[in-house]
Amino acid sequence: MKAIEIKPNIFWVGALDWGVRDFHGYVTPNGTTYNNYLIVDEEVTLVDTVKDDFSKTMLDNIRNIIDPNRIEHIVINHIEPDHAGSLNTLMELIPQANLYLSEKGKRGLERHFDTSRWKIEVVKTGTTVKTGQKTLMFIETPMLHWPDSMMTYIPEDKLLISQDAFGQHYATTSRFDDEFTTQFSIYELEDAVKDYYANILMPFGKLIKSKIAEINKLGLEIDMIAPDHGIIWRKDPGKVLNLYLDMADGKTDERVVIIYDTMWKSTTRMTQPILLGVRDADMDAKVIKLRATPMSVAIKEFWKSRGCLLGTPTLNNIMFPSVAEFLTHLRGLRPKHRMVGAFGSFGWGGGAVREAYQEFKRMKLEIYEPGLEVMYRPSLEDEERLYQFGREFAMQVRAYHRKFQEASSTTARKA
Ligand code: FEO
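Please read all numbers here as calculations on a predicted model, not as lab measurements. (Residues numbered from 1 in each chain as written. Predicted model: local features only at pLDDT ≥ 70, side-chain atom pairs only at ≥ 80, totals over all residues. Heavy atoms only, no water.)

S.K.: How should the environment of Ala 324 be read in this particular structure?
M.R.: On the secondary structure map, Ala 324 appears in helix α10 (residues 321–332). Residue Ala 324 is classed as partly exposed on the basis of its relative accessible area of 25%. Between the C-alpha atom of Ala 324 and that of Arg 291, which follows or precedes it by 33 residues, the distance is 12 Å. (Helix = DSSP H or I, 4+ residues; strand = E, 2+ residues; numbered from the N terminus. Buried < 20%, exposed > 50% of the residue type's maximum accessible area, 1.4 Å probe, protein only.)

Now the structure itself:
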């Protein structure tokens, strides 16, 4: 895609990656975009670069607007290679450029490139650089989502370039939120935001809230949020801010997901009566088989549901490996405000369900006990127990969800 003017003399000069499906382990069924922005002023600035494989695309986009040699300033909001990967190529062309980044960004950059000849200026929240008619103002956002992360604000245009935050892994010819007008496309965009949040930003809910509060305190007027991935929020930047605040507050749907794996289909058989029980309690439900589903999809489905039942066979007295892998991913993401329970089949001694509960307790999730284990195949009596297990779980999830909503609205009223 060619460069697009997003504000007067500010251009998107990034690249679309339709084909990427494995983004450092995160499955991206919709590809992604690497967004970066060229600010043409008396002194020209480039905010962020793109993944190295796309440096030619970025340079072609820049050349369609100006000679890259005119770039005097480069801002690196985040050093992860999908954003800083083309920096080496760029600095070979324009070694005289001034680089702006955070202290941690500088330290990280020195581990990736030979920066000894580069002119690097470390910036902090509130540091400004005047480029002519426009001003660059920096806002440090450490741990959103790396220690080096920061954002760049251009007050004259009320534009916040937000790096990974508010982004989506979503390759599309649309560049702006107002191009999503049908119910289906709006759902798809919001789902991409939730997917991104669940897999990358879930651990940082508290930080997100405090950073949004800090931005409000700084009194920054924002009428456009331009992230480094996906769609630019032009029509309604408040929408993505509210989506983030809701997710940071633990809001989700009154819904159950059954995430499981199986050895000889006994645990698969257990899911059927459980699912019936959940449905008979008038609760929406989804079933995910782990080895048939990318990990990032299972994580997203967990995040989108108030309750999760985890099914695991016992192998060598412990959890089935794919289930253990899922819980390891989940623990790293530090989920909150979700109710969980476990079930599974075993041949001799069992142990997987007990181990799953130990993991749930480590994660401090809301626990539904006891779990349910079945020896070998579920009998007719077992199926009845499983049905009741699913039904009771769904009713407990509903009660927990409503209690959570009540507590949230009380907090909101007090705020
Ligand atoms: Fe898009 Fe943290 O990289």
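Once you've had a look at it, read on.
S.K.: For this particular structure, what's the right way to read the pairing of strand β15 (residues 159–163)?
M.R.: The side chains of a regular strand alternate, first on one face of the sheet and then on the other. Most of β15 is tucked away: five of the five residues are buried. Burial along β15 is two-sided: Leu 159, Ile 161 and Gln 163 and Leu 160 and Ser 162, pointing in opposite directions, are all buried. As judged from the three bridges shared by strand β14 (residues 150–154) and β15, these two strands associate in the antiparallel manner. Of the residues in β15, the one forming a bridge with Thr 152 is Ile 161. Between β14 and β15, which pair antiparallel and follow one another directly, the connecting turn spans four residues, one of which, Lys 158, has a positive phi of 50°. Pairing of β15 with strand β16 (residues 224–227) involves four bridges; the strand directions are parallel. Its bridge partner lying in β16, Leu 160 is registered against Ile 225. (Pairing = 2+ DSSP bridges.)

S.K.: Explanation requested: the sheet that holds strand β10 (residues 98–101) in the structure shown.
M.R.: Backbone hydrogen bonds hold the strands of a sheet together, and the pairing may be parallel or antiparallel. Sheet architecture is open: seven strands sit in the order β1-β2-β7-β8-β9-β10-β11, paired in mixed fashion. Edge positions in the sheet fall to β1 (4–7) and β11 (119–122), since each has one partner strand and no second. Strand-to-strand, the axes of this sheet are offset by a mean angle of 25°, without reference to chain direction. Sheet topology note: the strand β8 (residues 44–47)/strand β9 (residues 71–75) ladder contains four bridges and is parallel. From the neighbouring strand, Thr 45 faces β9, where its bridge partner is His 73. (Axes fitted to C-alpha atoms, helices over the stretch in contact; angles between N-to-C directions.)

S.K.: Which parts of the structure should I look at to understand the packing of helix α5 (residues 183–201) against helix α9 (residues 295–303)?
M.R.: The description of two packed helices rests on the angle between their axes and on the distance between the axes. Viewed as axis vectors pointing N to C, α5 and α9 meet at an angle of 100°, and their least axial separation amounts to 9 Å. Classified by the interaxial angle, the pair formed by α5 and α9 is roughly perpendicular. Across from Asp 191, Lys 194, Asp 195, Tyr 197, Ala 198 and Asn 199 in α5, the residues of α9 making contact are Ser 296, Ile 299, Lys 300 and Trp 303. A class-by-class count of the residues in the contact of α5 with α9 yields four nonpolar, two polar and four charged. (Parallel < 35°, antiparallel > 145°, perpendicular 65-115°, else oblique. Contact = heavy atoms within 4.5 Å. Nonpolar A, V, L, I, M, F, W, Y, C, P; charged D, E, K, R; others polar.)

S.K.: Could you clarify how one ought to interpret helix α11 (residues 352–363) in this entry?
M.R.: Given 3.6 residues per turn, any residue in an α-helix points the same way as the ones three and four places further on. The first and last C-alpha atoms of α11 sit 17 Å apart over twelve residues, in line with the 16 Å expected at 1.5 Å per residue. Those residues of α11 that fall on the buried side of the exposure criterion are Ala 352, Val 353, Ala 356, Tyr 357, Glu 359, Phe 360 and Met 363. Considered in projection along α11, the buried side chains sweep an arc of 160° and stay on one side of the axis. Projecting away from the buried face of α11 at angles above 90 degrees are the exposed residues Arg 354 and Arg 362. Two residues or fewer past α11, Lys 364 is found with a positive phi of approximately 60°. (Expected span 1.5 Å × (residues − 1). Arc of directions from axis to C-beta.)

S.K.: Even after reading the chapter, I still don't get unusual backbone geometry, so can you show me in this structure?
M.R.: For residues besides glycine, phi is generally negative; the peptide bonds are generally trans as well. Residue His 145 follows Leu 144 across a cis peptide bond; omega there is 5°. Mapped onto the fold, His 145 is located in the loop between β13 (135–140) and β14. Not every positive phi belongs to a glycine, and Asp 282 is a case in point at roughly 60°. Residue class for Asp 282 comes out exposed when judged on its relative accessible area of 66%. The residue Lys 364 is not glycine, and still its phi comes out positive at about 60°. Using a relative accessible area of 73% as the deciding quantity, one classes Lys 364 as exposed.

S.K.: Sorry if this is basic, but what is going on with the packing of α10 against α11 here?
M.R.: Contact pair α10 / α11: the axes reach a minimum separation of 10 Å and the direction vectors enclose 5°. Our classification of the angle between α10 and α11 gives roughly parallel. In this structure, α10 contributes Leu 327, Leu 330 and Arg 331 to the contact, and α11 contributes Ala 356, Glu 359, Phe 360, Arg 362 and Met 363. Broken down by class, the residue content of the contact of α10 with α11 amounts to five nonpolar, no polar and three charged.

S.K.: So what exactly am I meant to see when it comes to the environment of Asn 36 here?
M.R.: Relative to the elements of secondary structure, Asn 36 occurs in the loop between β6 (32–34) and β7 (37–39). For the pair Asn 36 and Ile 76, spaced 40 residues apart in the sequence, the C-alpha separation amounts to 10.0 Å. Aside from chain neighbours lying at most four places away, what touches Asn 36 is Phe 11, Trp 12, Val 13, Gly 14, Leu 46, Val 47, Asp 48, Thr 49, Val 50 and Met 58. Engagement of the side chain of Asn 36 in a polar contact is seen with the backbone nitrogen of Gly 14, the distance being 3.2 Å. (Polar contact = N/O pair within 3.5 Å; in protein donor to acceptor, adjacent residues only side chain to side chain.)

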